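What follows is each chain in one-letter form.
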Amino acid sequence: MSITYHDPASLGDMRQACRLASEVLDYLTPFIQPGITTNEIDRLAAEYMVQQGTTSATVGYQGSGSVPFPKSLCTSVNHVVCHGIPDDKPLKKGDIMNIDVTVVYKGWFGDNSRMFIVGDASIAAKRLCQITFEAMWHGILQVRPGAHLGDVGHAIQKFAEGNGYSVVREFCGHGVGRRFHEEPQVLHYGRPGTLEELKPGMIFTIEPMINMGKRDIKEDHRGGKYDGWTIVTRDRSLSAQWEHAVLVTETGYEVLTLSAGSPPLPSFVTATKT
Ligand code: MF3
Ligand code: CO
Ligand code: CO
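Residues numbered from 1 in each chain as written. Chains lettered and ligands numbered in written order. Predicted model: local features only at pLDDT ≥ 70, side-chain atom pairs only at ≥ 80, totals over all residues. Heavy atoms only, no water.

An unreviewed UniProt entry annotates the protein chain as Methionine aminopeptidase of Xenophilus arseniciresistens. Comment text from UniProt for the protein chain, heading Function (unreviewed entry), reads "Removes the N-terminal methionine from nascent proteins. The N-terminal methionine is often cleaved when the second residue in the primary sequence is small and uncharged (Met-Ala-, Cys, Gly, Pro, Ser, Thr, or Val). Requires deformylation of the N(alpha)-formylated initiator methionine before it can be hydrolyzed." (UniProt positions renumbered as here; feature names shortened; annotations may be inferred.)

A. Just the coordination of the cobalt ion (ligand 2), in detail. Ligation of the cobalt ion (ligand 2) by protein atoms is provided by Asp111 (OD), His174 (NE2), Glu207 (OE) and Glu243 (OE), these donors lying 2.0 to 2.2 Å from the ion. Coordination at the cobalt ion (ligand 2) is irregular: its 6 donor atoms span angles of 51 to 162 degrees at the metal. The sequence pattern describing where the donors of the cobalt ion (ligand 2) fall on their chain is D-x62-H-x32-E-x35-E. For the pair the cobalt ion (ligand 2) and the cobalt ion (ligand 3), the metal-to-metal distance amounts to 3.3 Å, and Asp111 bridges them. You can see His174 sitting in strand S7 (residues 173–175) and its partner Glu243 sitting in the loop between strand S13 (239–241) and strand S14 (244–248), a full 69 residues away along the chain. By relative accessible area, which is 6% here, His174 ends up buried. (Donors = N, O, S within 2.8 Å, 3.2 Å for Na, K, Ca; no water. Tetrahedral: all angles 85-135°; square planar, octahedral: opposite > 155°, others 65-115°. Helix = DSSP H or I, 4+ residues; strand = E, 2+ residues; numbered from the N terminus. Buried < 20%, exposed > 50% of the residue type's maximum accessible area, 1.4 Å probe, protein only.)

B. Molecular detail of the site of ligand 1. Looking at ligand 1, there are 14 residues lining it, with Thr58, Asp100, His181, Glu207 and Glu243 nearest. Between Asp111 and ligand 1, the recorded distance is 3.1 Å, taken from a side-chain N or O atom to an oxygen atom. Here an oxygen atom of ligand 1 and a side-chain polar atom of His181 are 2.7 Å apart. The class makeup of the residues in the shell around ligand 1 is 5 nonpolar, 5 polar and 4 charged. (Near = heavy atom within 4 Å. Polar contact = N/O pair within 3.5 Å; in protein donor to acceptor, adjacent residues only side chain to side chain. Nonpolar A, V, L, I, M, F, W, Y, C, P; charged D, E, K, R; others polar.)

C. The coordination of the cobalt ion (ligand 3), seen in detail. Note on the cobalt ion (ligand 3): its protein donors are Asp100 (OD), Asp100 (OD), Asp111 (OD) and Glu243 (OE). The metal-donor distances range over 2.1 to 2.4 Å. Linear spacing of the donor residues for the cobalt ion (ligand 3) on their chain is D-x10-D-x131-E. The class for Glu243 is buried, based on a relative accessible area of 1%.

D. Representation of the pairing of strand S8 (residues 182–186) in the model. Note that S7 and S8 share 3 bridges and pair antiparallel. In the strand pairing of S8, His174 is matched with Gln185. Hairpin remark: S7 followed by S8, antiparallel, with 6 residues in the connecting loop. (Pairing = 2+ DSSP bridges.)

Written out as C-alpha coordinates, the structure is:
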(Lines give C-alpha, C1' and ligand atoms only; values in the text may rest on other atoms or scores of the structure.)
(Ligands and ions follow the chains in the order given, each with its own letter.)
Protein backbone atom coordinates (compact mmCIF):
# COMPACT_ATOMS: atom_id res chain seq x y z
CA MET A 1 0.00 0.00 0.00
CA SER A 2 1.14 3.54 -0.67
CA ILE A 3 -0.09 7.11 -0.38
CA THR A 4 -2.92 8.10 -2.73
CA TYR A 5 -2.73 11.54 -4.40
CA HIS A 6 -6.17 12.78 -5.39
CA ASP A 7 -7.17 15.15 -8.15
CA PRO A 8 -9.10 17.89 -6.27
CA ALA A 9 -11.58 18.05 -9.16
CA SER A 10 -12.58 14.44 -8.49
CA LEU A 11 -13.22 14.92 -4.78
CA GLY A 12 -16.85 16.03 -4.87
CA ASP A 13 -18.14 12.85 -3.24
CA MET A 14 -15.31 12.84 -0.67
CA ARG A 15 -16.12 16.43 0.28
CA GLN A 16 -19.73 15.38 0.71
CA ALA A 17 -18.79 12.31 2.79
CA CYS A 18 -16.72 14.48 5.12
CA ARG A 19 -19.40 17.15 5.45
CA LEU A 20 -21.99 14.48 6.23
CA ALA A 21 -19.71 13.00 8.92
CA SER A 22 -19.47 16.44 10.50
CA GLU A 23 -23.24 16.90 10.25
CA VAL A 24 -23.80 13.73 12.29
CA LEU A 25 -21.93 15.47 15.12
CA ASP A 26 -23.99 18.65 14.57
CA TYR A 27 -27.17 16.58 14.80
CA LEU A 28 -26.10 14.86 18.04
CA THR A 29 -24.96 18.03 19.83
CA PRO A 30 -28.29 19.08 21.47
CA PHE A 31 -28.85 15.54 22.75
CA ILE A 32 -25.61 15.43 24.73
CA GLN A 33 -27.06 16.13 28.19
CA PRO A 34 -26.81 14.49 31.62
CA GLY A 35 -28.91 11.30 31.71
CA ILE A 36 -28.59 10.21 28.07
CA THR A 37 -26.78 6.92 27.52
CA THR A 38 -24.13 6.42 24.89
CA ASN A 39 -26.28 3.63 23.43
CA GLU A 40 -29.07 6.19 22.90
CA ILE A 41 -26.57 8.50 21.18
CA ASP A 42 -25.48 5.58 19.00
CA ARG A 43 -29.07 4.82 18.00
CA LEU A 44 -29.79 8.49 17.17
CA ALA A 45 -26.71 8.55 14.96
CA ALA A 46 -27.60 5.29 13.23
CA GLU A 47 -31.07 6.62 12.40
CA TYR A 48 -29.65 9.92 11.16
CA MET A 49 -27.15 8.12 8.90
CA VAL A 50 -30.07 6.29 7.25
CA GLN A 51 -31.68 9.69 6.54
CA GLN A 52 -28.40 10.98 5.11
CA GLY A 53 -27.91 8.01 2.86
CA THR A 54 -24.63 7.14 4.59
CA THR A 55 -23.52 4.03 6.44
CA SER A 56 -21.30 3.77 9.49
CA ALA A 57 -17.76 2.64 8.80
CA THR A 58 -17.33 1.44 12.35
CA VAL A 59 -20.14 -1.15 12.65
CA GLY A 60 -18.46 -4.48 12.06
CA TYR A 61 -15.08 -2.84 11.53
CA GLN A 62 -12.34 -5.37 12.02
CA GLY A 63 -9.23 -3.61 13.27
CA SER A 64 -6.01 -5.39 14.06
CA GLY A 65 -7.74 -7.32 16.85
CA SER A 66 -10.23 -10.14 16.56
CA VAL A 67 -13.44 -8.44 17.77
CA PRO A 68 -15.45 -6.48 15.17
CA PHE A 69 -16.48 -3.04 16.49
CA PRO A 70 -20.19 -3.37 17.35
CA LYS A 71 -21.55 0.20 17.12
CA SER A 72 -22.15 3.10 14.72
CA LEU A 73 -19.72 5.43 16.49
CA CYS A 74 -17.15 5.58 19.28
CA THR A 75 -17.91 7.27 22.61
CA SER A 76 -14.86 7.84 24.79
CA VAL A 77 -15.78 9.26 28.20
CA ASN A 78 -13.37 10.92 30.69
CA HIS A 79 -10.27 8.69 31.07
CA VAL A 80 -11.14 6.69 27.94
CA VAL A 81 -8.58 7.68 25.31
CA CYS A 82 -10.32 6.27 22.24
CA HIS A 83 -12.49 3.50 20.77
CA GLY A 84 -15.01 3.50 23.63
CA ILE A 85 -18.05 1.33 22.86
CA PRO A 86 -21.50 2.85 23.50
CA ASP A 87 -23.29 1.23 26.44
CA ASP A 88 -26.25 1.71 28.77
CA LYS A 89 -24.54 3.89 31.36
CA PRO A 90 -26.09 7.39 31.55
CA LEU A 91 -23.77 10.36 31.14
CA LYS A 92 -23.51 12.61 34.16
CA LYS A 93 -22.88 16.32 34.58
CA GLY A 94 -19.17 17.01 34.45
CA ASP A 95 -18.29 14.19 32.07
CA ILE A 96 -16.25 14.99 28.98
CA MET A 97 -16.72 12.75 25.95
CA ASN A 98 -15.28 12.32 22.51
CA ILE A 99 -17.69 11.17 19.82
CA ASP A 100 -15.90 9.80 16.76
CA VAL A 101 -18.03 9.36 13.64
CA THR A 102 -16.93 7.79 10.38
CA VAL A 103 -19.47 7.53 7.56
CA VAL A 104 -19.26 5.99 4.13
CA TYR A 105 -20.88 7.86 1.25
CA LYS A 106 -20.60 6.67 -2.35
CA GLY A 107 -17.56 4.62 -1.37
CA TRP A 108 -15.75 7.52 0.34
CA PHE A 109 -14.92 7.65 4.07
CA GLY A 110 -15.55 10.80 6.14
CA ASP A 111 -13.88 10.56 9.56
CA ASN A 112 -14.08 13.15 12.35
CA SER A 113 -14.54 13.61 16.07
CA ARG A 114 -15.25 16.29 18.64
CA MET A 115 -15.28 16.69 22.42
CA PHE A 116 -18.55 17.26 24.25
CA ILE A 117 -18.97 18.64 27.75
CA VAL A 118 -21.92 17.08 29.54
CA GLY A 119 -23.86 19.86 31.27
CA ASP A 120 -20.89 21.71 32.70
CA ALA A 121 -17.47 20.47 33.72
CA SER A 122 -14.54 21.51 35.85
CA ILE A 123 -12.32 24.33 34.60
CA ALA A 124 -9.51 21.77 34.33
CA ALA A 125 -11.57 19.41 32.14
CA LYS A 126 -12.77 22.24 29.90
CA ARG A 127 -9.20 23.50 29.51
CA LEU A 128 -8.06 20.03 28.41
CA CYS A 129 -10.78 19.98 25.73
CA GLN A 130 -9.90 23.49 24.52
CA ILE A 131 -6.13 22.96 24.45
CA THR A 132 -6.61 19.68 22.54
CA PHE A 133 -8.81 21.49 19.99
CA GLU A 134 -6.14 24.15 19.57
CA ALA A 135 -3.42 21.49 19.35
CA MET A 136 -5.26 19.88 16.42
CA TRP A 137 -5.45 23.27 14.70
CA HIS A 138 -1.75 23.98 15.30
CA GLY A 139 -1.14 20.71 13.44
CA ILE A 140 -3.52 21.66 10.61
CA LEU A 141 -1.76 25.03 10.19
CA GLN A 142 1.44 23.19 9.25
CA VAL A 143 -0.18 21.53 6.25
CA ARG A 144 1.07 22.76 2.88
CA PRO A 145 3.10 21.29 0.02
CA GLY A 146 6.75 20.95 0.98
CA ALA A 147 6.07 20.66 4.70
CA HIS A 148 6.66 17.31 6.38
CA LEU A 149 4.51 15.15 8.61
CA GLY A 150 7.11 15.72 11.36
CA ASP A 151 6.17 19.41 11.28
CA VAL A 152 2.56 18.50 12.02
CA GLY A 153 3.46 16.19 14.89
CA HIS A 154 5.95 18.64 16.32
CA ALA A 155 3.50 21.55 16.34
CA ILE A 156 0.94 19.44 18.21
CA GLN A 157 3.42 18.04 20.71
CA LYS A 158 5.04 21.41 21.43
CA PHE A 159 1.70 23.06 22.10
CA ALA A 160 0.24 20.23 24.19
CA GLU A 161 3.34 19.67 26.28
CA GLY A 162 3.86 23.41 26.63
CA ASN A 163 0.47 23.50 28.28
CA GLY A 164 1.42 20.75 30.73
CA TYR A 165 -0.22 17.80 28.99
CA SER A 166 1.07 14.64 27.30
CA VAL A 167 0.58 13.19 23.83
CA VAL A 168 -0.56 9.59 23.26
CA ARG A 169 1.97 7.82 20.98
CA GLU A 170 0.29 4.52 20.17
CA PHE A 171 -2.51 5.88 17.97
CA CYS A 172 -2.15 8.26 15.08
CA GLY A 173 -3.96 9.99 12.25
CA HIS A 174 -4.10 8.27 8.88
CA GLY A 175 -4.67 8.64 5.20
CA VAL A 176 -8.37 8.45 4.36
CA GLY A 177 -10.44 8.42 1.18
CA ARG A 178 -11.69 5.27 -0.50
CA ARG A 179 -10.37 3.33 2.49
CA PHE A 180 -10.94 3.99 6.21
CA HIS A 181 -7.29 3.77 7.21
CA GLU A 182 -4.48 4.06 4.70
CA GLU A 183 -0.99 5.49 4.45
CA PRO A 184 0.45 7.74 5.70
CA GLN A 185 0.47 7.41 9.47
CA VAL A 186 0.15 10.85 11.04
CA LEU A 187 1.98 10.96 14.38
CA HIS A 188 0.99 13.67 16.84
CA TYR A 189 4.57 14.15 18.04
CA GLY A 190 7.86 14.42 16.23
CA ARG A 191 10.66 16.56 14.87
CA PRO A 192 10.36 19.30 12.24
CA GLY A 193 11.49 18.36 8.75
CA THR A 194 11.24 14.61 9.31
CA LEU A 195 8.97 11.96 7.79
CA GLU A 196 6.90 12.17 4.61
CA GLU A 197 6.88 15.36 2.54
CA LEU A 198 3.37 16.69 1.96
CA LYS A 199 2.18 16.97 -1.62
CA PRO A 200 -1.05 18.31 -3.14
CA GLY A 201 -3.84 15.76 -3.25
CA MET A 202 -2.96 13.92 -0.05
CA ILE A 203 -5.85 13.48 2.38
CA PHE A 204 -5.27 12.47 5.99
CA THR A 205 -6.73 12.91 9.43
CA ILE A 206 -5.17 14.85 12.28
CA GLU A 207 -6.60 13.46 15.52
CA PRO A 208 -4.44 14.10 18.59
CA MET A 209 -5.20 12.27 21.84
CA ILE A 210 -3.99 14.44 24.72
CA ASN A 211 -3.85 13.33 28.37
CA MET A 212 -4.00 15.50 31.46
CA GLY A 213 -1.56 13.16 33.22
CA LYS A 214 1.01 10.79 31.80
CA ARG A 215 0.91 9.65 28.19
CA ASP A 216 0.77 5.93 29.02
CA ILE A 217 -2.32 4.00 27.99
CA LYS A 218 -3.65 0.48 28.38
CA GLU A 219 -6.48 -1.74 27.30
CA ASP A 220 -9.42 -1.39 29.68
CA HIS A 221 -9.46 -4.67 31.58
CA ARG A 222 -11.73 -3.37 34.34
CA GLY A 223 -14.39 -5.89 35.29
CA GLY A 224 -11.99 -8.71 34.52
CA LYS A 225 -12.40 -8.87 30.78
CA TYR A 226 -11.49 -6.77 27.75
CA ASP A 227 -14.08 -5.69 25.20
CA GLY A 228 -11.41 -5.73 22.51
CA TRP A 229 -11.47 -1.97 21.89
CA THR A 230 -11.63 0.44 24.83
CA ILE A 231 -8.32 2.21 25.54
CA VAL A 232 -7.82 4.15 28.79
CA THR A 233 -5.11 6.24 30.41
CA ARG A 234 -2.90 4.13 32.64
CA ASP A 235 -3.07 6.71 35.45
CA ARG A 236 -6.83 7.22 34.92
CA SER A 237 -6.29 10.90 34.12
CA LEU A 238 -8.68 12.61 31.70
CA SER A 239 -8.03 12.35 27.97
CA ALA A 240 -9.35 14.43 25.07
CA GLN A 241 -9.32 14.12 21.28
CA TRP A 242 -10.47 16.08 18.23
CA GLU A 243 -10.28 14.91 14.63
CA HIS A 244 -10.50 16.55 11.19
CA ALA A 245 -9.80 15.19 7.72
CA VAL A 246 -7.55 17.54 5.76
CA LEU A 247 -6.68 17.83 2.05
CA VAL A 248 -3.28 19.18 1.01
CA THR A 249 -3.94 21.85 -1.64
CA GLU A 250 -1.51 23.61 -4.03
CA THR A 251 -0.91 26.35 -1.46
CA GLY A 252 -1.94 24.96 1.92
CA TYR A 253 -4.81 22.96 3.33
CA GLU A 254 -8.55 22.45 3.07
CA VAL A 255 -10.35 21.04 6.10
CA LEU A 256 -12.94 18.66 4.68
CA THR A 257 -14.85 17.77 7.85
CA LEU A 258 -16.48 21.15 8.45
CA SER A 259 -20.21 21.89 8.60
CA ALA A 260 -22.59 24.53 9.91
CA GLY A 261 -22.27 23.23 13.48
CA SER A 262 -18.48 22.99 13.61
CA PRO A 263 -17.02 24.95 16.51
CA PRO A 264 -15.56 28.34 15.54
CA LEU A 265 -11.92 28.23 14.49
CA PRO A 266 -9.38 29.29 17.14
CA SER A 267 -8.46 32.97 17.00
CA PHE A 268 -4.92 32.14 15.80
CA VAL A 269 -6.39 30.59 12.63
CA THR A 270 -6.88 33.76 10.63
CA ALA A 271 -8.33 32.22 7.51
CA THR A 272 -8.55 28.86 5.83
CA LYS A 273 -5.57 28.63 3.51
CA THR A 274 -6.69 27.02 0.28
N1 MF3 B 1 -12.69 6.70 13.77
C2 MF3 B 1 -11.49 6.14 14.37
C3 MF3 B 1 -10.35 6.87 13.72
O4 MF3 B 1 -10.33 8.05 13.80
C5 MF3 B 1 -11.40 4.68 14.20
C6 MF3 B 1 -12.47 3.95 14.94
S7 MF3 B 1 -12.35 2.29 14.61
C8 MF3 B 1 -13.51 1.61 15.61
O9 MF3 B 1 -9.49 6.37 13.06
F10 MF3 B 1 -13.63 0.40 15.21
F11 MF3 B 1 -13.13 1.72 16.88
F12 MF3 B 1 -14.66 2.26 15.48
CO1 CO C 1 -9.41 8.72 12.08
CO1 CO D 1 -12.25 8.92 13.74
